[in-house]
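One letter stands for each residue in the lines below.
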Amino acid sequence: MPVRWGAARGRAVARRRSALPLERGRHVAVARSRTRRSTSRRAAAAAGLLVAAPALGAIVAAPAGAGPVAHASGPSGSTGSAGAAVRIDNGAYATSTAQVTLHLTWPAGATSAVVANDTSFDAAGSATPIGPGTTTVPWTLAAAAPVAAGAVPVPDTVSVEFLGGPSGTVTASASVVLDTDAPVLSGATLLPSAKGSKAPLVRVVASAPSSGVSAVELSTRPSGGVIITLSPPSRRGFPQLDTVVSPTSLAHPTEARVRDAAGAWSPWEAVTPEMIAIRQLHGGRLVTAPNNAPLTLRGFDYQPLTASRVAGKVQYANVTFTVGAYRPALAAQAVRQMSALGYDSVRVFLNMNQVGNPKGAGLDGPYLANVANFLQQANNAGIRVLLCTGDLPGAGGYTSKDTAALAGTNAYFLNPSDIAGKERYLRDLVTTLQADGAPLSNVLWELAGEQDWNNNEAPLSWKRGVVRTAAGVFNMGSAAGKAAMENANLTHWVDVLSSELHKMLPGSLVGVGIYSPLINAKRPGWTVRPGPLFAPTSANDFVDIHVYSNLGSQVDQMRAFGAQATNKVLVMGEFGAARSAFKSPAVGATGEVQWQQASCRFGVKLSGWLLWTWNSGAQAEYWTALDDNGVIAQAMSPKHRPNACA
């Protein structure tokens, strides 16, 4: 449990917890000033425009239902001279059947014509004479050639010779793609509506390799609904489609299908709400959705740090997403390495001194763009993300002023204004990440990395008197009164904020991190009361417990949490090999494997383990996963140890 840093009221400033050897460098202030990024993409989302999802990158920005948004050029509708022309199915790019209709335009004076599937006009091309003046001709195309993945289809060509006119023989031709395969709709997901808009957002993933996806239909039943055209009939659609559409005239779509440029429709599929790939079951376990297979999260905390010396003391800064320091290539490399070793989860932290907008209200766009990039990199690698939202941002207008009764850290959980500020922060965080295309269905949300109470700040520092808080009025003249205030307000805080995230992201999982209550005796200035988080009626979905081997007996720590008496989902979101306890990474690897195995024998059904840390850079108190050629990463690897308890 390294040092934690928070935002003081209305400004970014560091606060240090204690001098215990294990507590170094979690969230440190880094002063900076950045220009806020343009919000044009967010404005487009709020206006109900189509927004490209980054996974396959097909479509960008066109009003929903307004027609073509982007397309590839198709076969020529007709080529000819002297006024001669032929069109296939009125100039369609593709057809789903070899039986088509030719539309002929005769040159002046022509007395007859011959139609063929090649330019030789012999029997091999099914050459057929046409009577004078015939303008529509039923026709059978030649067999279509298979289309290789990623290739542009070879169109079928029909040619016509017009004979007997003053210009002599005049030839015209037209092409069409014969696509006999129906398009495939891989998924239709209902996303939270854009801020300020009631129009639904539906992410559509589909494919049609030959003719391309050209339209999406959304409905409240598996029949006629709202058709959103993506490409005109005369052009190729999108061979691979991953986009978000907004049917402004349909409030609650429940069914979807797609049409290819050949006119074929996919079967109707249900529109499912966006939800994380895991969910809670009764009994405190995680399962995958929708097949309910048991799931155990295994991964690392990921927090690059830099060190500086302030007033003779070393302080650390969380630069995971710092503008100018974040490197997408390094982030991608880290999550790919985790994935290659079988890990499926990573926990990251927002820096409250950097996430707020330093020049006005709201959040810092460039910083959040880095967060969105990391979420996409993790999603691409098959890694789920536990995103710790942290304390209130020090900038952006989310914090309230201290009062004589509610000050510092405690005000975060006691002051109605601060709780409302956290609600605004969460709403802005979600909508900004959505506008940046972040895959939020892959995210678990943490309201706090390590929640605790500061006994040296008001009102806990009082010896007498009563205080009015968000959860009621409490007597500060007794330990019992203070404990009642802490429990009631933590319950209120977690219920309000969990409900806010659940409302914005139906199906999402929300948790709170907390360290061992055994520290209470060692640090009289701080108190940890985990009870409200473990209560079956509390709105949080999981509890992230931090259980380090150099803090004492694992059994004693688990009992102090009350872990054995809850049905909440429990994740050991931090444990690690302290250098003071293990002389080398190899010894630490053995010790932490044994620690993980022992946590299974205690009788608590843990749904995951995340080790501190993958690679913390400047921090020196703990061996990291990559030290000594990655001996800890290898030892803990699900690829080598599929069963974490064995």
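Residues numbered from 1 in each chain as written. Predicted model: local features only at pLDDT ≥ 70, side-chain atom pairs only at ≥ 80, totals over all residues. Heavy atoms only, no water.

Caption draft 1: Spotlight on the overall build of the protein. Regarding its fold elements, the protein presents eleven helices and 36 strands. For the protein, the proportion of its 646 residues judged to be buried stands at 55%. A separation of at least 24 residues holds for 71% of the contacts in the protein among residues at least 6 apart in sequence. (Helix = DSSP H or I, 4+ residues; strand = E, 2+ residues; numbered from the N terminus. Buried < 20%, exposed > 50% of the residue type's maximum accessible area, 1.4 Å probe, protein only. Contact = heavy atoms within 4.5 Å.)

Caption draft 2: Examining helix α5 (residues 416-435) more closely. Relative to the 28 Å expected for 20 residues at 1.5 Å per residue, α5 spans 29 Å between its end C-alpha atoms, a close match to the ideal helical length. Where α5 begins, the side chain of Asn415 points an oxygen toward the backbone nitrogen of Ser417, at a separation of 2.9 Å. (Expected span 1.5 Å × (residues − 1). Polar contact = N/O pair within 3.5 Å; in protein donor to acceptor, adjacent residues only side chain to side chain.)

Caption draft 3: A look at the packing of aromatic side chains. Counted according to the given criterion, the structure contains 14 aromatic pairs. Both rings, one in Phe300 and one in Tyr343, keep their centres 4.7 Å apart while their planes meet at 70 degrees; by these two values the pair is edge-to-face. Of this pair, Phe300 sits in strand β23 (residues 297-301) while Tyr343 sits in the loop between α2 (328-340) and β26 (345-349), and the two are 43 residues apart along the sequence. This pair shows no difference in class: Phe300 is buried, exactly as Tyr343 is. (Phe/Tyr/Trp six-rings, centres within 6.5 Å; stacked < 30°, edge-to-face > 60°.)

Caption draft 4: A look at the pairing of strand β27 (residues 384-388). Burial analysis of β27 places five of its five residues in the buried class, the great majority of the element. Side chains Arg384, Leu386 and Cys388 of β27 all project onto a buried face; the interleaved residues Val385 and Leu387 project onto the opposite face, where all are buried too. The pairing of β26 with β27 spans five bridges and is classified as parallel. When the sheet's bridge partners are listed, Arg347 is paired in β27 with Leu386. (Pairing = 2+ DSSP bridges.)

Caption draft 5: Local environment of the state of the cysteines. The full count for this structure, using the stated rule, is one disulfide. The residue that forms a disulfide with Cys600 is Cys645, at a sulfur-sulfur distance of 1.9 Å. Sign of the S-S torsion, about -70 degrees for the bond between Cys600 and Cys645, identifies this disulfide as left-handed. Taken together, the residues span a long stretch of sequence, with Cys600 in helix α10 (residues 585-601) and Cys645 in the segment after α11 (627-636) at a distance of 45 residues. Classification of Cys600 as partly exposed rests on a relative accessible area of 21%. (Disulfide = S-S within 2.5 Å.)

Caption draft 6: Examining the nonpolar core more closely. Ranked by internal contacts, the top residues of the largest apolar core, which has 101 residues, are Phe374, Leu433, Trp445, Trp493 and Ile545. For Trp493, the contacting residues outside a window of four places in its chain are Tyr412, Phe413, Ile419, Leu447, Ala448 and Val512. Leu141, Phe162, Val170 and Leu178 belong to the second largest nonpolar core, which has 22 residues in total. (Core = buried A, V, L, I, M, F, W, Y, C linked by side-chain atoms within 4.5 Å.)

Caption draft 7: Examining the packing of α10 against α11 more closely. At a minimum axis separation of 9 Å, α10 and α11 run at an interaxial angle of 15 degrees. Relative to α11, the element α10 lies roughly parallel. Relative to α11, the crossing made by α10 is right-handed. Here α10 contributes Pro585, Ala586, Ala589, Glu592, Val593 and Gln596 to the contact with α11, which in turn contributes Asp627, Asp628, Val631, Ile632, Ala635 and Met636. Of the residues assigned to the contact of α10 with α11, the class counts are eight nonpolar, one polar and three charged. (Axes fitted to C-alpha atoms, helices over the stretch in contact; angles between N-to-C directions. Parallel < 35°, antiparallel > 145°, perpendicular 65-115°, else oblique. Left-handed = near helix turned anticlockwise from the far one by under 90°. Nonpolar A, V, L, I, M, F, W, Y, C, P; charged D, E, K, R; others polar.)

Caption draft 8: Molecular detail of the sheet that holds strand β28 (residues 443-446). With parallel pairing, the eight strands of this closed barrel are ordered in space as β23-β26-β27-β28-β32-β34-β35-β36. Strand after strand, the sheet turns through a mean of 30 degrees between neighbouring axes, direction not considered.

Caption draft 9: Representation of the environment of Asn643 within the structure. Along the chain, Asn643 falls in the segment after α11. Between the alpha carbons of Asn643 and Thr296 there is a distance of 9.6 Å; along the sequence they are 347 residues apart. From its side chain, Asn643 meets the backbone nitrogen of Cys645 in a polar contact 3.0 Å long.

Caption draft 10: Examining the environment of Met504 more closely. Positionally, Met504 belongs in helix α6 (residues 479-504). Assessed through its relative accessible area of 13%, Met504 is described here as buried. With 313 residues separating them along the chain, Met504 and Leu191 place their C-alpha atoms 9.3 Å apart.

Caption draft 11: Region of interest: the sheet that holds strand β6 (residues 99-105). With antiparallel pairing, the three strands of this open sheet are ordered in space as β4-β6-β9. A strand with exactly one partner marks an edge of an open sheet, and here the two such strands are β4 (85-88) and β9 (136-140). Here the average twist between neighbouring strands, direction ignored, is 30 degrees. As paired elements, β4 and β6 share four bridges and run antiparallel to each other. Residue pairing across strands places Arg87 opposite His103, the latter belonging to β6.

Caption draft 12: Highlighting the pattern of salt bridges. For the coordinates displayed, the defined rule picks out eleven salt bridges. Notably, a salt bridge pairs Arg347 with Glu446, separated by 3.2 Å at the nearest N-O pair. Taken together, the residues Arg347 in strand β26 and Glu446 in strand β28 connect sequence positions 99 residues apart. For Arg347, a relative accessible area of 0% puts it in the buried group. The salt bridge partner of Arg347 is Glu574, with a shortest N-O separation of 2.9 Å. (Salt bridge = Lys/Arg side-chain N within 4 Å of Asp/Glu carboxyl O.)

Caption draft 13: Quick peek at the packing of α5 against α6. Orientation of α5 relative to α6, taken along the N-to-C sense of each, is 25 degrees, at an axis distance of 10 Å. With respect to α6, the element α5 is oriented roughly parallel. Here the hand of the crossing between α5 and α6 comes out right-handed. Residues Ile419, Lys422, Glu423, Leu426, Arg427 and Val430 of α5 form the contact with α6, whose own contacting residues are His492, Trp493, Val496, Leu497, Glu500, Leu501 and Met504.

Caption draft 14: Looking closely at the layout of surface pockets. Looking at the second largest pocket, its volume works out to about 290 Å³. Tyr302, Pro304, Leu330, Ala331 and Asn615 are, among the 16 residues lining the second largest pocket, the residues nearest its centre. Of the residues contributing to the lining of the second largest pocket, the split by class is ten nonpolar, five polar and one charged. (1 Å grid on protein atoms, 1.4 Å probe; cavity = no way out; pocket = protein on both sides within 12 Å on 5 of 7 lines; lining within 4 Å. Points joined across faces, edges and corners; volume = space filled by probe spheres on them.)

Caption draft 15: Expanded view of unusual backbone geometry. In this structure, the amide linkage connecting Ala458 to the following residue, Pro459, adopts the cis form with an omega of 0 degrees. Within the element layout of this structure, Pro459 appears in the loop between β29 (453-454) and β30 (466-469). For the peptide bond that leads from Trp612 to Thr613, omega is -5 degrees, which places it in the cis range. Residues other than glycine seldom take positive phi values, yet Asp628 does so here, at roughly 55 degrees. Its identity is not glycine, yet Asn629 carries a phi of approximately 60 degrees, on the positive side. You can see Asn629 is positioned in helix α11. Residue classification places Asn629 among the exposed residues on the basis of a relative accessible area of 78%.

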